[in-house]
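Secondary and tertiary structure notes
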Amino acid sequence: MNAASAPRLWPYAALSAGYFAHIGFFNPYLPLWLQQLGYGVWAIGLLTALQSATRVFAPWLWASLSDRHGDPLRWLRWCASAALLLTLGLWWQPWPGWLPVVLLLLFTHTSGMMPLSEAALAHAVSQHGGFDAARYGRIRLWGSLGFLVTVLLAGYVFERTGMGSFPLWASATLALVLLAVWRLPPPAPRHLDAAQVWGAPALRQVLRRPSVRWFFGALYGHVLAHVLIYIFFSLYLDGLGYGKGTIGALWAVAVVVEIGWFFTQGRWLPRFSDGQWLLVAALLTALRMAATAWGAHELAWLVAAQVVHAITFAAHHTVCIGRINRHFPGALRARGQALYAVVGYGLAGVTAGALGGAISARFGVGAVFVLGLLAALAAAACALPLARRGDAA
């Protein structure tokens, strides 16, 4: 990123850092907080899956409003403000159904924030119709840094003081997100007719392309495997006797290699086509699931499994954002990013939470990573036709 572009792009870096600072403590430690509140494994799986359930509809809702009004910043500010207010509901549970309702409303707003900001950022780092992966990575790595700080710091604090401060962390991190959102530059005005805004014929035409269908199939299986990690990894290691500090450190290993990848990805991504990267990422995810399922008693295997996160998440994420930016340009951009969230982190996430909860209750938490292995192999099968094409279409 050159000096001229820094004033325009740094607010996106701040938003990414704030949002993933929130995710860095919330997603890994929410299951442990729910466990302390007395919830069983099945209930924890369902409650954490609420985040994925909202991603089935919320990203599309906010993206449609954004495309209709041509002002994603308006809806980003709304989502950030409402989410911060909703975290106040985590401070107490006056009746049994209170917490599920608060989490549902909270996730409905937080799940719409990143598709909107990713769409705006992808447009900002695209030059002459091409997605600049190097510039994107230099912005996105700030999100990884935010995640790294909170996953380590929260692990240290929770290890020594317990999980009681979890609601405070939720409010504090979303306050940072809200501050960053208010620093984003206003969007360029757009003048679109109704057909351009809703774009139904154009959207259907994009979705009919075989390469797009194979892409979303690969995305579904790939993210399903990763959501199993996000939901059950901390519980799994806690059950094996690992301390919260060690759990946080293992999450941090994944984020450190992720940061390294985002910083240098402009050098590596051009060496293979998008489809080839999707295939490599899926196959490495299968190996990661196997190492976690059968090698977790050895810390070295867990470290090795976390190291490949550089490819299984970071490379995969950038390739996906680039493909969405190409396939869903202009007035379809926000809804393209919403579909990425809906298919990947929505539908796949709901599947991971529901099946993972049932499997872990019957066969133990370690069995969910066998499911992740199968999902990763299915993703590889979908990515194979894209890899064979040898291009980025």
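Residues numbered from 1 in each chain as written. Predicted model: local features only at pLDDT ≥ 70, side-chain atom pairs only at ≥ 80, totals over all residues. Heavy atoms only, no water.

Helix and strand counts for the chain stand at 17 helices and two strands. Here the C-alpha atoms of the chain give a radius of gyration of 20 Å, agreeing with the 21 Å that 2.2 N^0.38 yields for 393 residues. Considered along the principal axes of its C-alpha atoms, the chain spans approximately 55 × 45 × 40 Å. For the chain, buried positions account for 57% of its 393 residues. (Helix = DSSP H or I, 4+ residues; strand = E, 2+ residues; numbered from the N terminus. Rg over C-alpha atoms; globule rule 2.2 N^0.38 Å. Buried < 20%, exposed > 50% of the residue type's maximum accessible area, 1.4 Å probe, protein only.)

Let us look at the confidence of the model for the chain. Detailed reading of the predicted model is not advised wherever pLDDT is low. Of all residues in the chain, 91% attain a pLDDT of 70 or more, and the chain-wide mean is 86. For the stretch residues 1-7, pLDDT sits under 50, and the model shows four contacts to residues farther than four places along the chain or on other chains. Of the regions scoring below 50 in pLDDT, residues 191-199 engages in 15 contacts with residues more than four places distant in sequence or in other chains. (pLDDT = per-residue confidence, 0-100. Contact = heavy atoms within 4.5 Å.)

Bringing the pattern of salt bridges into the picture now. Taken as a whole and judged by the stated rule, the model has two salt bridges. For the salt bridge of Glu258 with Arg140, the shortest nitrogen-to-oxygen distance reads 3.8 Å. Here Glu258, found in helix H12 (residues 244-268), pairs with Arg140, found in helix H7 (residues 133-161); they are 118 residues apart in sequence, far enough to count as distant. You can call Arg140 buried: its relative accessible area is 3%. (Salt bridge = Lys/Arg side-chain N within 4 Å of Asp/Glu carboxyl O.)

Together, Val56, Phe57, Leu104, Leu347 and Val350 give the surface a local cluster of nonpolar side chains, amounting to about 360 Å² of exposed area. Taking relative accessible area as the criterion, Leu347 reaches 40% and is therefore assigned partly exposed. (Patch = residues over 30% accessible without salt bridge, like charges linked within 9 Å, V, L, I, M, F, W, Y side chains within 5 Å. Areas by Shrake-Rupley, 256 points an atom, 1.4 Å probe, with all protein chains shown as cover.)

This part takes up the nonpolar core. Judged by nonpolar contacts, the single largest core of 128 residues is most densely connected at Phe25, Phe26, Tyr29, Phe166, Phe216 and Phe369. Looking at which element gives the most residues to this core, the answer is helix H11 (residues 210-239), with 18 residues. Among all residues touching Phe25, those that are not within four sequence positions of it are Leu30, Thr150, Ala154, Phe158, Phe166, Trp169, Ala170 and Thr173. (Core = buried A, V, L, I, M, F, W, Y, C linked by side-chain atoms within 4.5 Å.)

A few words on the side chain of Thr312. Take Thr312: it is sitting in helix H15 (residues 309-327). Excluding residues that lie within four positions of it along the chain, Thr312 makes contacts with His222, His226, Ala281, Leu284, Thr285 and Arg288.

Turning next to the packing of H12 against H15. Helix-helix packing is described using two parameters, namely the angle between the two axes and the distance between the axes. At their nearest, the axes of H12 and H15 sit 8 Å apart, and the two run at 45 degrees to each other. Put simply, H12 runs oblique to H15. Taken as a pair, H12 and H15 cross one another with a handedness that is right-handed. Judged by residue contacts, Ala254, Val257, Glu258, Trp261, Phe262 and Gln265 of H12 engage His309, Ala310, Ile311, Phe313, Ala314, Ala315, His317 and Thr318 from H15. (Axes fitted to C-alpha atoms, helices over the stretch in contact; angles between N-to-C directions. Parallel < 35°, antiparallel > 145°, perpendicular 65-115°, else oblique. Left-handed = near helix turned anticlockwise from the far one by under 90°.)

Axis separation between helix H2 (residues 41-54) and helix H16 (residues 333-363) bottoms out at 8 Å; the angle between their running directions is 175 degrees. In terms of their interaxial angle, H2 and H16 are classed as roughly antiparallel. The segment H2 lies against H16, with Val41, Trp42, Gly45, Ala49, Ser52 and Ala53 engaging Tyr345, Gly346, Gly349, Val350, Gly353, Ala354, Gly357, Ala358 and Ser360.

Glancing now at the state of the cysteines. One pass over the structure, following the stated rule, counts zero disulfides. Cysteine Cys382 shares no disulfide, and the gap to the nearest cysteine sulfur, in Cys320, comes to 13 Å. Given the relative accessible area of 17%, Cys382 is considered buried. (Disulfide = S-S within 2.5 Å.)

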